[in-house]
Amino acid sequence: MRKNVAILAAALFAASALTACGGQTKETTAADTTAAETAAEKTESSAAEEESTEAAPTGELETVTVGASPAPHAEILEAAKDAMAAKGYDLEIVEYVDYVQPNLALESGDLDANYFQHITYLEDFNAERGTHLASAGSIHYEPFGIYAGKTASLEELADGAQVAVPNDATNEARALLLLEAQGLIKLKEGAGLAATKNDIVENPKNLDIVEIEAAQIPRSLSSVDVAVINGNYAIDAGLSVADALAVEASDSEAAEKYANVVAVQEGHENDPAIKALVEVLKSDEIKDFIETTYAGAVVPLD
């Protein structure tokens with residue numbers, strides 16, 4: 001309003017000045033006042049439109065907070081930051097080193113999404129913890145590998161050799177299925193993804209199956225004969241899938257059931273920010289990054 005008055009005063013002053021210079025006296029009428037006000041409003045409106053147009057490209061980004069394990073998930077998210085910014089989102093990454101806290105943080109609303117787990121683990125977590133989390137999209141698959149500890153090859157495993165496997169239900173079953181695929185053990189028929197070491201019905205070498213928290217297995221590698229390690233923890237430990245003694249087949253049951261997903265609270269799967277995140281993570285640019293960076297340890301999904 002003050003700006004309008006100032007512009008109006010300036011207009012009247014200009015009109016007065018022009019009259020004095022011309023040597024003629026002219027009365028300021030209501031029509032003159034209205035015209036001046038209209039001109040002032042148009043000037044202000046044009047200035048506002050111009051200011052709005054200039055500000056649009058530099059508008060603030062909407063923050064999307066995503067929990068992730070350090071590798072490969074946080075690294076992949078880091079590679080996705082620029083593409084997310086181009087879509088209007090500031091991707092904030094919060095790193096976790098365990099499999100529990102990122103889901104609890106998501107359930108409580110401290111995170112908008114997390115990206116660290118496969119779908120089978122997510123479903124089991126919901127069942128055990130009463131959480132309400134859902135997959136917004138499958139991004140990649142990480143083949144499990146068997147890595148040498150004190151014993152250099154599977155053929156050299158001695159009677160009673162120690163084999164470390166993850167101690168959480170879904171990943172232990174996956175590890176046992178890989179050991180079975182190598183002919184080291186045989187599981188009870190139908191055990192599948194619910195298998196535990198109690199389901200081992202044949203164990204020719206009397207292998208000692210040692211259950212260890214998944215993140216700790218790489219640190220325990222030197223104290224066991226061999227270990228079955230999750231792909232992300234193998235990467236963290238500097239282990240190469242090319243050096244693994246055995247790796248899950250791409251057509252295995254595990255490859256189908258252990259797709260790593262972007263998880264959200266139920267009902268938020270189609271939020272614009274989440275859809276943008278999934279789209280970026282499934283883009284050709286990120287697929288190329290995954291294939292180049294991890295050389296088979298992480299496999300992008302269509």
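Residues numbered from 1 in each chain as written. Predicted model: local features only at pLDDT ≥ 70, side-chain atom pairs only at ≥ 80, totals over all residues. Heavy atoms only, no water.

(A) Seen up close, the sheet that holds strand β3 (residues 113-118). Strand order across the open sheet formed by six strands is β2-β1-β3-β12-β4-β13, with mixed pairing between neighbours. Every interior strand has two partners, whereas the edge strands, β2 (89-95) and β13 (299-300), have only one. With two bridges joining them, strand β4 (residues 133-141) and β13 adopt antiparallel strand pairing. Across the sheet, H140 pairs through a bridge with P300, a residue of β13. (Pairing = 2+ DSSP bridges. Helix = DSSP H or I, 4+ residues; strand = E, 2+ residues; numbered from the N terminus.)

(B) Summary view of the environment of L104. By the secondary structure assignment, L104 is in helix α5 (residues 101-108). Overall, L104 belongs to the partly exposed group, its relative accessible area being 31%. Excluding its chain neighbours within four sequence positions, the residues that come into contact with L104 are F125 and R129. (Buried < 20%, exposed > 50% of the residue type's maximum accessible area, 1.4 Å probe, protein only. Contact = heavy atoms within 4.5 Å.)

(C) Representation of the environment of T151. If you trace the backbone, T151 turns up in the loop between β5 (145-148) and β6 (162-166). In this structure T151 comes out as buried when scored by relative accessible area, which is 9%. The spatial distance from the C-alpha of T151 to the C-alpha of A161 is 8.7 Å, given a sequence separation of 10 residues. Setting aside its immediate chain neighbours within four residues, T151 contacts E156, L157, D225 and V226. Looking at T151, its side chain comes within polar contact range of the side chain of D225, at 2.7 Å. (Polar contact = N/O pair within 3.5 Å; in protein donor to acceptor, adjacent residues only side chain to side chain.)

(D) Spatial organisation of unusual backbone geometry. The step from A71 to P72 runs through a cis peptide bond, and the omega angle for that step is 0°. Looking at the element boundaries, P72 is found in helix α3 (residues 70-79). Positive phi, close to 50°, is recorded for N206, a residue that is not glycine. Structurally, N206 is set in the loop between β8 (200-202) and β9 (208-212). Although it is not a glycine, A295 sits at a positive phi angle of roughly 45°. Residue placement: A295 occurs in the loop between α12 (284-294) and β13. A295 sits in the exposed class, given a relative accessible area of 61%.

(E) Inspection of the nonpolar core at higher detail. Judged by nonpolar contacts, the single largest core of 47 residues is most densely connected at V66, L77, Y115, V262, L277 and L281. Looking at this core, the element that brings in the most residues is helix α11 (residues 272-281), giving seven residues. One finds A161, I185, L187 and L207 within the second-largest nonpolar core, a separate group that totals 27 residues. (Core = buried A, V, L, I, M, F, W, Y, C linked by side-chain atoms within 4.5 Å.)

(F) Spatial organisation of the sheet that holds strand β11 (residues 246-247). The five strands lie next to each other as β9-β6-β10-β5-β11, forming an open sheet whose pairing is mixed. Looking along the sheet, the strands with just one partner apiece sit at the ends: β9 and β11. With five bridges connecting them, β6 and β9 associate as parallel partners. Looking at the pairing, Q162 lines up with D208 of β9. Packing of helix α7 (residues 169-181) onto the sheet brings it into contact with β5, β6, β9, β10 (226-229) and β11, and relative to β6 it is tilted by some 140°. (Axes fitted to C-alpha atoms, helices over the stretch in contact; angles between N-to-C directions.)

(G) Spatial organisation of the pattern of salt bridges. Tallied over the full model, the rule gives five salt bridges. In this structure, D199 and K188 form a salt bridge, with 3.2 Å as the shortest nitrogen-oxygen distance. In this pair, D199 sits in the loop between β7 (186-187) and β8 while K188 sits in the loop between β7 and β8, placing the two residues 11 residues apart along the sequence. Assessed through its relative accessible area of 12%, D199 is described here as buried. We classify K188 as partly exposed; its relative accessible area is 45%. Note that K287 and D302 form a salt bridge whose closest N and O atoms lie 3.1 Å from each other. (Salt bridge = Lys/Arg side-chain N within 4 Å of Asp/Glu carboxyl O.)

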